[in-house]
Amino acid sequence: MTKELPTGWICDYLDNVCNVEYGTRVVRKRDGGTIYPVYGGGGATFFMDTYNRQNALVVARFAMSEQCTRLVKGKFFLNDSGLTVSPKNKNFLTQSFLDWQLIALNNKIYSLGKGSAQRNLKVDMFRKLNLNIPSLPEQKQIVEKLDKIFADIDKAKANTEKNLENAKEMFRAQLTEVFNLLKTDGAQVELQNVCAKISVGGDKPAAFSKEPTSRYKIPVYANGEQNDGLLGFTDVPTISQPAITVAARGTIGFACKRMIPYCPIVRLISLIPDTEKISLDFLFYALKYLIPTGNGTSIPQLTLPTIRKFRISYPTSLDAQAKVVEKLNHLQNTTRELEKTYTKTLSILEELKQSVLQQAFSGKL
C-alpha cells in the first residue's frame, strides 16, 4: 500500500472500491451499423446502431498500446477488448476522481500487460491496483483543478502544434515561390533529361541482415520516413553513385539524399543526376517541390514512367543552382530549428501533465 499520504486520505485496492465492467463482443459483419462508434482497447473501429456506454473512461484489455486509458465522450459501444471502471459507492468515490486517477496510472496499467504477439491486460493484477482516496470535498477540489490545468495545457499544445505546422508550411511556401520564379526565368525539361539514371528498387536481397556486420555493410532502403527508410543491410549495392530516393508508396514523395552506396527495394525510386546539368542538392529541392510529401495524396502510387515525365524548372548554370541551394538551405535550417523548439515544447507539456497527475494523487497538488 502507498505510504505517506496526507491526513484523511486512505489507500485501497481498486477491486475493493470499484466495479470492473467488460465490454461486449461484437463483429462488424454481423453487428455493424452507422450511428455509434465502437471502441475497444484503442480508437473507434466501426459503428453500430446501439450503445452501451456514455462519457466513460475506457481501459484497454486486449491489444494494449502505450496509451491504454482514454476518455471517450458521448454515446458509444464498448466491445470486449476494453473495460470500464465505476465506483461501488459514489458517496465515497466519485467517477470523475476515479477517471483522473486511472489516467494518472496509465503507465502502471500498461506495465500489467503481458504477451509477445499481443499485449493483454492481466485483469487480476489490475484489480489489485492501489487507489489513493481523499474525502469527497477534496476529490471535487482536485478534479476542478485538474480540469482547469489540463484545459490550459491542451490549449497550449494546440497552439504549439499549429505553430509547428506553420513552420513547415513556411518552408513549403518559400520553396514554391523559388520554383515558381524559375518557371519564368529558368529552362524547363523532363526529369529524365537531367538525370543520368532513374530506376526503381526490386525485391529484398537474399543476403540480408537487420543489423550491420563485417559482411553486411550496405544499407537497404525501402519506402518510408522512419529512420529515412532504412530496413537493414546487405553485401552488394545496387546504386553506387550519390543519388536521391523518392518514396513511391506509403508516404508518397518523401525524398532523401543518399551519399554512399545502397540498395533500394520495394519500388523505391532512385534518381542519379547528370552532374554536368544539375547538382544533387538542387535536384533534391526540385523533387521536394514537384512531389509534395503526404499519405493518401492524389497519387496513390508513384511510378517510374510518371516521375520520368515530371517537368523541372532549373537554371542551366551550376553556379546559379548553387545560389538557389544556399538560400533554400538557410530556410530549411531555420525551419528545422523552429520545429525542434516546438517539438521540445510539446514534450515539456506532456511531462507537465505527468507531473501534475503525480502531485494530484499523492495529495501534493
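Since the model is a prediction, treat every value here as computed from it, not as a measurement.

Chemist: Which residues make up the pairing of strand β5 (residues 53–60), and what values do they have?
Modeler: Of all 8 residues making up β5, 6 are buried, and the element is well covered by its neighbours. By the bridge criterion, 6 bridges tie β5 to strand β6 (residues 69–78) in an arrangement that is antiparallel. Its bridge partner being in β6, valine 59 is matched across the sheet by threonine 69. Relative to strand β7 (residues 82–87), β5 is paired through 2 bridges, and the arrangement is antiparallel. Residue pairing in the sheet places alanine 60 in a bridge with glycine 82 of β7.

Chemist: So what's going on with the environment of tyrosine 221? Residues and values would help.
Modeler: Mapped onto the elements of the fold, tyrosine 221 is located in strand β13 (residues 218–221). Here tyrosine 221 falls in the buried class, since its relative accessible area comes to 13%. Counting along the chain gives 92 residues from tyrosine 221 to leucine 129, while the straight-line C-alpha distance between them is 45 Å. For tyrosine 221, the residues in contact, after removing those within four places along its chain, are Asp228, Gly229, Leu230, Arg258, Tyr262, Cys263, Pro264, Ile265 and Leu268.

Chemist: Please set out the pairing of β7 residue by residue, giving values where relevant.
Modeler: Buried residues dominate β7, accounting for 6 of its 6 residues. Burial along β7 is two-sided: the residues Gly82, Thr84 and Ser86 and Leu83, Val85 and Pro87 are all buried. Summarising the sheet, strand β2 (residues 18–22) and β7 pair through 5 bridges and their orientation is antiparallel. Across the sheet, the residue bridging to glutamate 21 is threonine 84, located in β7.

Chemist: Please give an account of the sheet that holds strand β14 (residues 230–234) that cites residues and values.
Modeler: Sheet strands pair via backbone hydrogen bonds, and the direction of the pair is either parallel or antiparallel. Strand order across the open sheet formed by 3 strands is β14-β13-β18, with mixed pairing between neighbours. Each edge of the open sheet carries a strand with a single partner, namely β14 and β18 (263–264). For β13 and β18, the ladder comprises 2 bridges, and the chain directions are parallel. In the sheet register, tyrosine 221 faces β18, and the bridge partner there is proline 264.

Chemist: A description of the sheet that holds strand β15 (residues 243–246) should follow, citing residues and the corresponding values.
Modeler: The strand order across the open sheet formed by 4 strands is β12-β19-β15-β17, and the pairing between neighbours is antiparallel. Two strands in the sheet have a free side with no partner beyond their single neighbour: β12 (195–200) and β17 (255–258). Strand-to-strand twist in this sheet, taken as the mean axis angle between neighbours without regard to direction, amounts to 20 degrees. Direction of pairing for β15 relative to strand β19 (residues 269–273): antiparallel, over a ladder of 3 bridges. When the bridges of β19 are listed, threonine 245 appears paired with serine 270.

Chemist: Which residues make up the packing of aromatic side chains, and what are the values?
Modeler: Two aromatic rings are characterised by how far apart their centres lie and by the angle between their planes. According to the stated counting rule, one finds 9 aromatic pairs in the structure shown. Taking the centre distance of 6.3 Å and the plane angle of 50 degrees together, the rings of phenylalanine 171 and tyrosine 285 count as tilted. Taken as a pair, phenylalanine 171 in helix α6 (residues 136–185) and tyrosine 285 in helix α7 (residues 280–290) lie far apart in primary sequence, 114 residues in all. Assigned by exposure class, phenylalanine 171 and tyrosine 285 land together as buried. One aromatic cluster is present, formed by Phe171, Phe284 and Tyr285 through successive ring pairs. Sitting over the ring of tyrosine 221, arginine 258 keeps its end group 3.6 Å from the ring centre.

Definitions and cut-offs
Just so you know, the residues in each chain are numbered from 1, in the order the chain's sequence is written. Per-residue local features of the predicted model are confined to residues with pLDDT of at least 70, and side-chain atom pairs are confined, for both listing and counting, to 80 or more; whole-chain, interface and lining totals are unaffected and use all residues. Calculated side-chain values reflect all of the structure's heavy atoms, with hydrogen atoms and water omitted. Relative accessibility under 20% of the residue-type maximum defines a buried residue, over 50% an exposed one, and the middle range a partly exposed one, all with a 1.4 Å probe and only protein chains included. Comment: elements are numbered from the N terminus, with helices defined as DSSP H or I runs of at least four residues and strands as E runs of at least two. A strand pair is defined by DSSP finding two or more bridges across the two strands. Residue contacts follow a heavy-atom distance rule, with two residues in contact if any of their heavy atoms lie within 4.5 Å. Every axis corresponds to a line fitted to the C-alpha atoms, with the helix fit spanning only the stretch in contact, and the corresponding angles, defined between N-to-C directions, vary from 0 to 180 degrees. In summary, the pairing rule links any two rings of Phe, Tyr or Trp, Trp by its six-membered ring, whose centres are within 6.5 Å, and it sorts them by plane angle into stacked for under 30 degrees, edge-to-face for over 60 and tilted for everything else. In our convention, an over-ring charge means Lys NZ or Arg CZ found within 6 Å of a ring centre and within 35 degrees of that ring's normal.

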